[in-house]
Amino acid sequence: MSLPRRVALLSLLLVVPLLPAAAPAAAAPRIQQRSLTPASALPDTPVAATLSVGSLSGCLTVDEIGVGVRDANQQNLDFPGSAGRTRICPGGYSLTTGTRSFPAGTYTEFGFYRIGSTYYDLPGQTLTVAAPTVRQVALVPARAVADTPVTATLALDSTACLTADEVGVGVRDANQQNLDFPGTATDVRICPQGYTLTTAARSFPAGTYTEFGWYRTGSEYHNLPSRTLTVSGSVIPPTPPIPAGQLVLDEDFTNPPAIGTTWHDTSTSAYRYGNHNPDDDKLDWLQADALSTENGANTFTATPGANRLENGRQSWDTGLLTTEYTQQGFQVRPGDYAEVRIQLPGGTGAWPALWTWKDGGNEIDSFEYHPDNPNLLELSNRINSAGTYYTDADAIHPGAWVSIGVHYGAHNNDWYVNHKLVFSDHTGTGPDWSAYLILNLSICAGSWHPAPADGNPISTAADYLRVWRPRA
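Q: Could you give me a rundown of the overall build of the chain, with the residues and numbers involved?
A: Helix and strand content of the chain: one helix and 33 strands. Compactness check: the chain gives a C-alpha radius of gyration of 33 Å against a globular reference of 23 Å for 472 residues, more than 25% above the reference. Principal-axis analysis of the C-alpha atoms gives the chain an extent of 125 × 65 × 40 Å. Sorting the 472 residues of the chain into buried and exposed places 47% on the buried side. Intrachain contacts of the chain at a sequence separation of at least 6 include 65% that bridge at least 24 residues. Seen as two clouds, the 28 positive and the 44 negative side-chain charges of the chain have centres 12 Å apart.

Q: Quick one: what's the story with the sheet that holds strand 1 (residues 31-37), residue by residue and with numbers?
A: Spatially, the three strands line up as an open sheet ordered 1-3-7, and their pairing is antiparallel. The strands lining the two open edges of the sheet, one partner per strand, are strand 1 and strand 7 (93-100). Neighbour-to-neighbour, the strand axes of this sheet turn through a mean angle of 20°, independent of strand direction. Here strand 1 runs beside strand 3 (residues 47-55); their pairing, made up of six bridges, is antiparallel. Looking across to strand 3, one finds that Gln-33 is bridged to Val-53.

Q: Go over the environment of Asp-250, please, and point to the residues and values.
A: Here Asp-250 lies in strand 18 (residues 246-251). We classify Asp-250 as partly exposed; its relative accessible area is 32%. C-alpha separation for the pair Asp-250 and Leu-465, spaced 215 residues apart in sequence, amounts to 6.4 Å. Side chain to side chain, Asp-250 and Arg-466 meet in a polar contact 2.9 Å long.

Q: Give a description of the pattern of salt bridges that names residues and reports values.
A: A complete count under the given rule lists 13 salt bridges for this structure. Between Arg-341 and Asp-463 there is a salt bridge, with the nearest N and O atoms lying 3.2 Å from each other. Of this pair, Arg-341 sits in strand 24 (residues 337-343) while Asp-463 is found in strand 33 (residues 458-469), placing the two residues 122 residues apart along the sequence. A relative accessible area of 29% places Arg-341 in the partly exposed class.

Q: Pulling in residues and values, what's your account of the environment of Leu-321?
A: Structurally, the position occupied by Leu-321 is in strand 23 (residues 320-322). For Leu-321, a relative accessible area of 0% puts it in the buried group. C-alpha of Leu-321 to C-alpha of Asp-63: the two residues are 258 residues apart in sequence and 58 Å apart in space. If near-sequence neighbours (up to four positions away) are discounted, Leu-321 is found in contact with Phe-253, Pro-257, Ile-259, Trp-263, His-264, Asp-265, Leu-291, Asn-298, Phe-300, Leu-437, Ile-438 and Leu-439.

Q: Which residues make up the nonpolar core, and what values do they have?
A: Within the largest apolar cluster, 46 residues are counted, with the highest numbers of intra-cluster contacts made by Phe-367 and Leu-437. Setting aside its immediate chain neighbours within four residues, Leu-437 contacts Leu-249, Leu-321, Thr-322, Thr-323, Phe-330, Val-332, Leu-354, Trp-355, Thr-356, Tyr-408, Leu-465 and Val-467. Counting residues in hydrophobic clusters, the runner-up holds 26 residues, among them Ala-152, Tyr-195, Phe-204 and Tyr-209.

Conventions and cut-offs
Residues numbered from 1 in each chain as written. Predicted model: local features only at pLDDT ≥ 70, side-chain atom pairs only at ≥ 80, totals over all residues. Heavy atoms only, no water. Helix = DSSP H or I, 4+ residues; strand = E, 2+ residues; numbered from the N terminus. Rg over C-alpha atoms; globule rule 2.2 N^0.38 Å. Buried < 20%, exposed > 50% of the residue type's maximum accessible area, 1.4 Å probe, protein only. Contact = heavy atoms within 4.5 Å. Lys, Arg positive; Asp, Glu negative; His and termini not counted. Charge placed at Lys NZ, Arg CZ, Asp CG, Glu CD. Pairing = 2+ DSSP bridges. Axes fitted to C-alpha atoms, helices over the stretch in contact; angles between N-to-C directions. Polar contact = N/O pair within 3.5 Å; in protein donor to acceptor, adjacent residues only side chain to side chain. Salt bridge = Lys/Arg side-chain N within 4 Å of Asp/Glu carboxyl O. Core = buried A, V, L, I, M, F, W, Y, C linked by side-chain atoms within 4.5 Å.

Treat this as a map of the structure, not an account of what it does.
Written out as structure tokens, the structure is:
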């Protein structure tokens, strides 16, 4: 008689031996890579690596710690000088290896440690081995007067420091004849923070020339981007509507503004946070790429930005040029006449202006414009309160090109529109006044004038900005 099925199954279970549970795999010790340098190096130049690590849970001892490097073929090119038995705690540990050099190329670099015979790799990063890139930040002049001596100023920076045997400014005429500026510099260290050369003076006959910066390493010459140097038989700028002396600032936007030398474009002390200022009913967030130069004009273009202002509003990326924070540090003062020629914008929310600022004030507004008042310019003295709303439907409207100038005076400021005197404040700036210039396109937040109605780009363009000063 057969056993019941349940009993038979139970009997089978009783004779099957129980296997021990598998031991869990040992977890890697919790060591965190805090930093690893370098991320770049020069070809065939010895360099050391520095690895900083810390333990995430108590102290532990590793048998070796070092920095590994692999090329594109996974060949081992580790930094020498790994450390032997090392105690790593939450407070951290730093290793600086021995030096080695690499051919030009791209490598994978990573920290590692060993416990017993087991290696643990930390997060990898790219090590780029390449010669530094030298960049031309600015080159002036763009124009000169025939047979009148003039110097050139060249501003450079580099992605990494390097020493150039010689730096200079070259000039070629239409027949490719060499007419370089004299006064090159030798044994020059060019680093990311920049280097500026001002040459000796020379003169040129009237004509059009190609002008460029260059540097030499050993016997190899490196030419930087070129620009046009226009040499005229007479001063090109139009005569201002007042008796004036020498032209001390001449920005005609034939070429991009000389950032760093004459202009700064990413911050101003007039903005609470440097690059934005929600306190003043502005949505601005300054961006260098909001500026573009073409056909002899500089265009300021504002677009909705990715940043949030402190008040929660979405910012607009827009452009600004100021003489503050520059190598020249140009400032206007009583007696100067400043004039801009600008195309008035039509987009709702646009707020272009030429104004001055220094030490938390010193503000004279050559003009402010808002398309919701399409035929009106705001002309203001914010130092000794005075101003007017100037209207002219024929000359002032969206799309119109208009020249606006101010003759600054200690006791009276005169405003000119298209070279016509339209307002005198009879209060002036005071005799000791000086300030930096600001030309920009702000975007209204909506408290005083309407904010943008949509996300369409808003733009304005400037043809020139010039300052004349009485001769001493």
